[in-house]
Amino acid sequence: MTAIAGCEPTTIEVSRNAIPQSVPSVPPGAELSTAMTAFESGNFGYSAKYFEMAAKKSPQDVTACLGLAASYDWLYRFDLSQRAYDTCGKIAKETFSYHNNLGFSYLLRGDYGKASVSFARARELRPADPVVETNLRILRDATSG
């Protein structure tokens, strides 16, 4: 039987969504810094696992929570990122980082209306911040075709 093009996930799609079952051990307390290093190097599967570990150890740590959500975003696992943002909202709902990151998540999902609302709130919290201004420009470009 011949496979029909477009029916099978590509290697890129599979790896993009891959979250490893396990990651190398790190010294106690190094989970967050290891997660941030993995995220910065684009290894979002590893960063998700290490941010998960850090968030379990410190459930009120905003950096771990937002890092976990952002890692899931870059893995295109929006089901998981939304759950993480729901948790982040309970501990950091009125922060610039929360609204800016949530807005970018909505942008990646193609939900431009919600992205606009989140970016607008981020801008209210930190007027003229270059990060949110860049994200608003990306949103404008995305919506203008």
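All residue numbers refer to positions counted from 1 along the written sequence of the respective chain. Predicted model: local features are reported for residues with pLDDT of at least 70 only, side-chain atom pairs are reported and counted for 80 or more only, and whole-chain, interface and lining totals are derived from all residues. Side-chain metrics in this entry use all non-hydrogen atoms of the structure; hydrogen atoms and water are not considered.

A.B. asks: Explanation requested: the environment of His99 in the structure shown.
C.D. replies: Each helix corresponds to a stretch of at least 4 residues labelled H or I by DSSP, and each strand to a stretch of at least 2 residues labelled E; elements are numbered beginning at the N terminus. As for its position among the elements, His99 is in helix α6 (residues 96–109). In this scheme, a residue with accessible area under 20% of its type's maximum is buried, one over 50% is exposed, and one in between is partly exposed, where area comes from a 1.4 Å probe on protein chains only. Under the relative-accessibility criterion, His99 is labelled buried at 9%. Placed 20 residues apart in sequence, His99 and Phe119 show a C-alpha to C-alpha distance of 6.3 Å. The criterion used for residue contact is that any of the two residues' heavy atoms lie within 4.5 Å. With sequence-adjacent residues up to four places away left out, His99 is seen in contact with Lys93, Glu94, Ser118, Phe119, Arg121, Ala122 and Leu125. Here Lys93 takes part through its backbone oxygen, which lies 2.7 Å from a polar atom of the side chain of His99. Within 3.5 Å is the distance limit for a polar contact, defined as a pair of N or O atoms, with the added protein rule that one can donate a hydrogen and the other accept it, and that residues adjacent in sequence qualify only through two side-chain atoms.

A.B. asks: Teacher, can you tell me more about the packing of aromatic side chains here?
C.D. replies: The relation between two aromatic rings is expressed through the spacing of the ring centres and the mutual angle of the planes. Pairing of aromatic rings covers Phe, Tyr and Trp, the last through its six-membered ring, and needs centres within 6.5 Å; plane angles under 30 degrees mean stacked, over 60 mean edge-to-face, and all others mean tilted. Going through the model one piece at a time under the given rule, you end up with five aromatic pairs. Each ring, one from Phe39 and one from Phe44, has its centre 5.1 Å from the other, and the planes form 70 degrees; the classification is edge-to-face. Here Phe44 falls in the buried class, since its relative accessible area comes to 18%. Judged by centre distance (6.0 Å) and plane angle (20 degrees), the ring pair of Phe44 and Trp74 falls under stacked. Taken together, the residues Phe44 in helix α3 (residues 44–57) and Trp74 in helix α4 (residues 62–74) connect sequence positions 30 residues apart. Here a set of aromatic residues connected by ring pairs shows up, and it is made of Phe39, Phe44, Trp74 and Phe104.

A.B. asks: Sorry if this is basic, but what is going on with the packing of α6 against helix α7 (residues 112–125) here?
C.D. replies: Two measures define how a pair of helices packs: the angle their axes make with one another and the distance between the axes. To obtain each axis, a line is fitted to C-alpha atoms, and for helices this fit is confined to the stretch in contact; angles are then taken between N-to-C directions over 0 to 180 degrees. Relative orientation of the contacting elements α6 and α7 amounts to 160 degrees, with a least axis distance of 8 Å. By the angle class used here, α6 and α7 are roughly antiparallel. Where α6 crosses over α7, the two elements pack in a sense that is left-handed. Contacts from Phe96, His99, Asn100, Leu102, Gly103, Phe104, Tyr106 and Leu107 of α6 reach α7 at Tyr112, Lys114, Ala115, Ser118, Phe119, Arg121, Ala122 and Leu125. Here the term charged refers only to Asp, Glu, Lys and Arg, the term nonpolar to Ala, Val, Leu, Ile, Met, Phe, Trp, Tyr, Cys and Pro, and the term polar to all other amino acids, Gly among them. When the residues that make up the contact of α6 with α7 are grouped by side-chain class, the tally is 10 nonpolar, four polar and two charged. Small angles under 35 degrees read as roughly parallel and large ones over 145 as roughly antiparallel, with 65 to 115 read as roughly perpendicular and the rest as oblique. In this scheme the handedness of a crossing depends on how the near helix is turned from the far one: anticlockwise by less than a right angle means left-handed, clockwise means right-handed.

A.B. asks: How should I be thinking about the packing of helix α2 (residues 31–40) against α4 in this particular structure?
C.D. replies: Two numbers describe how α2 lies on α4: the axes approach to 11 Å, and their chain directions differ by 30 degrees. By the criterion of interaxial angle, the relationship of α2 to α4 is roughly parallel. In terms of crossing hand, the pair formed by α2 and α4 is left-handed. For the pair α2 and α4, the contacting residues are Leu32, Met36 and Phe39 in the first and Thr63, Ala64, Ala70, Ser71 and Trp74 in the second. A per-class count over the contact of α2 with α4 returns six nonpolar, two polar and no charged.

Geometric descriptors of this kind do not, in isolation, establish any biological role.
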